[in-house]
Amino acid sequence: MTHIKPEKTNRQNWMVVLAKANWADLALLWDDFGNKPNYKILRPAETGLIMLRARTGAVGAPFNMGETTVTRSSVVSDSQIQGHAYILGRNGLHAEVAAEVDAALQDNNLHQVVMARIINPLKTAASNKKHQAQQKTAATKVDFFTLVRGED
Amino acid sequence: MFVAVKGGEKAINNAHKLLAETRRGDTSIPEISIEQIEQQLSLSVDRVMSEGALYDRLLAATAIKQARGDLIEAIFLVRASRTTLTSFGYSQPLNTSEMQILRRISATYKDLPGGQVLGPTFDYTHRLIDKNLEQTNNFPTAIKAPASNEATPHVLGLLSDEGLMEQPPTDTDAEPNDLTREPLSFPADRDTRLQSLARGDEGFLLALAYSTQRGYARTHPFAGEIRFGKVAVEFTPEELGFSLELGEIQITECEMVNQFTGSKNTPPQFTRGYGITFGQGERKAMSMALVDRALRAEELSEDLVAPAQDEEFVLSHCDNVQATGFVEHLKLPHYVDFQAELELVRKMRAEQNVNQNQTREAAE
């Protein structure tokens, strides 16, 4: 496999959107996307482990807190563009579709339409979901006040 | 000495079939789904992930179902399952300062930058059984309020800025020890202790934490901050060469503020203990922070007087998979061992009889 140099951050951004996407949403959007290039699987979806690190006292030296399951997949399109995905969990189909969309987004002819029809809707869905959770959390904001005891 | 036994295959197979039927229970009642466990018994899932030392909600839910709700058995299943998977490497350290907060409280400051939010908590509930839950048509809705975008910095950072709080070790280049590769050895560094405590049994750590509060190595703790929420997992795949966010996980973090230390060169300052768990695991995170602090006794020149300060005692016994393995192995066939002991006791009794008879004869 060829070594890919560090990319621009917009690739990192769409890869996050794909990794975090609700699988049912992503599957539906990609199914509905017509005229997809053909993809060959470079590396079939494989589930493994990543050891998660935390920091002593939240900000200090790192330690290993426990692992998580991760699934990765790599595909290559007809036009020889490679797509990769690493996602939390064990959903191999999710990783394969994410890798296909990653390849499509690197294709100049497809980039804009894939952004508009896949990434942007997923982003909106994620930010709506996050906003809902934030609103519900905000309703539990507490203002404690102390009472002075005894004579003044 | 280990001596194998043979036989019992049929009984074992039939017992496992009976187990499967018993697990399912009355078939006129709907079977519980993995998704139901993941959603509705989520704190069981969180505990199995933490002590199983593997974040995977559906895997933990499956383990809970298979174990008939026995969480230590489920933890055992998760630990066994991880050994079948290959390792892709290590994540970047989680940036808990950037957490999407679902709960955040402090017992030391009432007014925090970013505010205190109670989130989904049992605190302040009346602990009365809710008869509504006997029915299965509950659709409760949470209240919403305008969300704030205020930053939520760590509370202990505020004290650090004033120099009143010890700084955590910032030797960030050091490669931390990994218990999944290197077995536990003593003395253990703090990174090893924290990894061991993070996968340690909640009940055991709770009891040890409680013992420190009752006077067995008092540390005068305050819950400086407890936060629960979502953090991003970042990882750099070798073949890509750049950092990727793989998704989010839920974690609980507890920072305890403890009593002062100081020396000729450093003025008195607060010390700290740290706890972290997967999911919403507040009791465990608090217990871990108290035990982490107690285990720093030697480093902070405190008298070593209590079990919670003894790292060999704490770390060797906090793993419930190891503990249950050794305790429960006693029920497996030990026929040959026991036969040997039986012979020994008989022999000793026979010798004692002979001795007593001889003494009696001598006396007469």
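K.L.:
For the overall build of chain B, give the residues involved together with the corresponding values.
P.N.:
Within chain B one finds twelve helices and seven strands. For 364 residues, the compact-globule estimate of 2.2 N^0.38 gives 21 Å, and chain B exceeds it by more than 25% at 26 Å. Dimensions of chain B along its principal axes, counting C-alpha atoms only, are 95 × 70 × 55 Å. For chain B, buried positions account for 35% of its 364 residues.

K.L.:
I'd like a description of unusual backbone geometry, backed by residues and values.
P.N.:
In this model, F186(B) is joined to P187(B) through a cis peptide bond whose omega is -5°. Residue placement: P187(B) occurs in the loop between α6 (155-161) and α7 (190-198).

K.L.:
Can you lay out the interface of chain A and chain B for me, pointing to particular residues and giving the numbers?
P.N.:
Of the residues lining the interface, 55 residues belong to chain A; the matching set on chain B comes to 68 residues. Within the residue set of the side of chain A that touches chain B, elements represented by two or more residues are α1 (9-20), β1 (39-55), β2 (62-77), β3 (82-88), α4 (111-138) and β4 (141-142) of chain A. Class assignment for the residues of the side of chain A that touches chain B results in 26 nonpolar, 19 polar and ten charged. Here five bridges tie β1(A) to strand β2 (residues 86-93) of chain B, and the two strands are oriented parallel to one another. Paired with I50(A) across the strands is G89(B), a residue of β2(B).

K.L.:
How would you summarise the nonpolar core if you had to cite specific residues and measurements?
P.N.:
One finds L18(A), V48(B), A60(B) and V291(B) to be the most contacted residues of the largest nonpolar core, which totals 99 residues. In terms of residue count, the dominant contributor to this core is helix α3 (residues 92-105) of chain A (eight residues). Each of domain 1 (9-82) and domain 2 (96-120 + 146-318) of chain B gives at least three residues to this core. With residues up to four places along the chain from it excluded, the contact list for A60(B) reads V45(B), V48(B), M49(B), G52(B), A74(B) and V78(B).

K.L.:
Hey, could you go over helix α8 (residues 202-213) of chain B for me, with residue numbers and the actual values?
P.N.:
When the terminal C-alpha atoms of α8(B) are compared, their 16 Å separation across twelve residues agrees well with the 16 Å that a helix rising 1.5 Å per residue should span. A positive backbone phi angle near 120° is found at G215(B), which sits one or two residues after α8(B).

K.L.:
Got a sec to walk through α4(A)? Specific residues and values, please.
P.N.:
Between its terminal C-alpha atoms α4(A) stretches 37 Å, which fits the 40 Å expected from 28 residues at 1.5 Å a residue. Where α4(A) bends most, at I119(A), the angle is about 35°, and the proline P121(A) comes one to four residues later. By the burial criterion, the buried members of α4(A) are V114(A), I118(A), I119(A), L122(A), Q134(A) and T137(A). Buried-residue contacts for α4(A) involve α1, α2 (23-32) and α3 of chain A together with β3 (100-105) and β4 (116-117) of chain B.

Reading the values: the criteria
- Residues numbered from 1 in each chain as written.
- Chains lettered and ligands numbered in written order.
- Predicted model: local features only at pLDDT ≥ 70, side-chain atom pairs only at ≥ 80, totals over all residues.
- Helix = DSSP H or I, 4+ residues; strand = E, 2+ residues; numbered from the N terminus.
- Rg over C-alpha atoms; globule rule 2.2 N^0.38 Å.
- Buried ≥ 20, exposed ≤ 12 C-beta atoms within 10 Å, placed from the backbone.
- Contact = placed C-beta atoms within 7 Å.
- Nonpolar A, V, L, I, M, F, W, Y, C, P; charged D, E, K, R; others polar.
- Pairing = 2+ DSSP bridges.
- Core = buried A, V, L, I, M, F, W, Y, C linked by C-beta atoms within 7 Å.
- Domains from an automatic or database assignment.
- Expected span 1.5 Å × (residues − 1).
- Bend = angle between axes of the 7 residues up to and from the residue.

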